[in-house]
Amino acid sequence: MRVNGGAYSSIEEVRSRVLKSGGEKKPAQAAVQDKSFAEILSERQGGSLSATRGISFSKHAAERLSDRNIHLSESQLNRLSAGVNRAGEKGISDSLVMVDNLAFIVNTDSNTVITAMDAAESEGNVFSHIDGAVIA
């Protein structure tokens, strides 16, 4: 088979050339693509959401924090981490962790915050698919 006036001899050759050229990342792009949304958001806000605490934020949770204009202080992050640790020690795998007026749904097996909201949004809400709660 001939494509583009003889530039490629087969579909396999086209696929091979495209995959070779498209598979390489530039160094700066590689560094950014290896980071989670929460890590990039945290860096832009001037801090590290979880680097020293072992907690990660899902893309959904990071977006909720940003959308709801929720900024966590060092103290709140430390208390969230302690709450996640306590939940894990008690065998809770999906926990509601309350910190001040903030509610976090956390998977303690992976130390990942699934979603976050403030008290105004959580008032009257029902939290489902959790097997425990911690007030930190």
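Conventions and cut-offs
- Residues numbered from 1 in each chain as written.
- Predicted model: local features only at pLDDT ≥ 70, side-chain atom pairs only at ≥ 80, totals over all residues.
- Heavy atoms only, no water.
- pLDDT = per-residue confidence, 0-100.
- Helix = DSSP H or I, 4+ residues; strand = E, 2+ residues; numbered from the N terminus.
- Contact = heavy atoms within 4.5 Å.
- Core = buried A, V, L, I, M, F, W, Y, C linked by side-chain atoms within 4.5 Å.
- Buried < 20%, exposed > 50% of the residue type's maximum accessible area, 1.4 Å probe, protein only.
- Arc of directions from axis to C-beta.
- Expected span 1.5 Å × (residues − 1).
- Pairing = 2+ DSSP bridges.
- Axes fitted to C-alpha atoms, helices over the stretch in contact; angles between N-to-C directions.

Q: Summarise the confidence of the model for the protein; cite the residues concerned and give the values.
A: For the protein, the average pLDDT comes to 77, and 62% of its residues sit at 70 or higher. Mean pLDDT per element in the protein: helix 2 (residues 27-33) is the minimum at 49, and strand 2 (residues 94-99) is the maximum at 95. Residue range residues 27-32 is modelled with pLDDT below 50. Its contacts to residues more than four positions away, or to other chains, number two contacts. The low-confidence segment residues 47-52, where pLDDT is below 50, has 11 contacts with residues more than four positions distant or belonging to other chains.

Q: Which residues make up the nonpolar core, and what values do they have?
A: Ranked by internal contacts, the top residues of the largest apolar core, which has 16 residues, are Phe-57, Leu-72, Leu-80, Phe-104, Val-106 and Val-113. Of all the secondary structure elements, the ones that give two or more residues to this core are helix 4 (59-67), helix 5 (74-89), strand 2, strand 3 (102-107) and strand 4 (112-118). Excluding anything up to four places from it in sequence, Val-113 contacts Ile-55, Ser-56, Phe-57, Ser-58, Ala-61, Leu-80, Phe-104, Ile-105 and Val-106.

Q: Give me helix 4: which residues, what numbers.
A: Among the residues making up helix 4, those that are buried are Ala-61, Ala-62 and Leu-65. What you see down the axis of helix 4 is that its buried residues fit within an arc of 100°, all on one side. Residues Lys-59 and Asp-67 are exposed on helix 4 and point more than 90 degrees away from its buried face. Note on helix 4: the residue one or two positions beyond its end, Asn-69, has a positive phi of about 55°.

Q: I'd love a proper account of helix 5, names of residues and values included.
A: Under the 1.5 Å per step criterion, the end-to-end length of helix 5 is 22 Å for 16 residues, consistent within 8% with the ideal 22 Å. Within helix 5, the full set of buried residues consists of Gln-76, Leu-77, Leu-80, Ser-81, Gly-83, Val-84 and Ala-87. All buried residues of helix 5 lie within an arc of 160° about the axis, which places them on one face of the element. Of the surrounding elements, those touching the buried residues of helix 5 are strand 1 (56-57), strand 2, strand 3, strand 4 and strand 5 (132-135). Looking one or two residues past helix 5, Gly-91 carries a phi angle of roughly 85°, positive in sign.

Q: Quick one: what's the story with the sheet that holds strand 3, residue by residue and with numbers?
A: Reading across the sheet, the five strands line up as 1-4-3-2-5 and stay open at both edges, with mixed pairing between neighbours. What marks the edges here is a single partner per strand, and that holds for strand 1 and strand 5. Here six bridges tie strand 2 to strand 3, and the two strands are oriented antiparallel to one another. Paired with Met-98 across the strands is Ala-103, a residue of strand 3. Where helix 5 meets the sheet, it contacts strand 1, strand 2, strand 3, strand 4 and strand 5, and its direction lies at approximately 150° from that of strand 2.

Q: Please set out the pairing of strand 2 residue by residue, giving values where relevant.
A: Turn length for the strand 2-strand 3 hairpin, with the two strands adjacent in sequence and antiparallel, is two residues, and the turn residue Asp-100 shows positive phi of about 55°. Pairing analysis gives four bridges linking strand 2 to strand 5, with the strands arranged parallel. Bridged to Leu-96 within strand 5 is Ala-133.

Q: Can you tell me about the pairing of strand 3, naming the residues and giving the values?
A: In the case of a regular strand, side chains alternate between the two sheet surfaces. Most of strand 3 sits inside the fold, with six of its six residues counted as buried. Neither face of strand 3 is exposed, since Leu-102, Phe-104 and Val-106 on one face and Ala-103, Ile-105 and Asn-107 on the opposite face are all buried. Across six bridges, strand 3 lies against strand 4 in antiparallel orientation. Bridge pairing in strand 4 links Ala-103 to Met-117.

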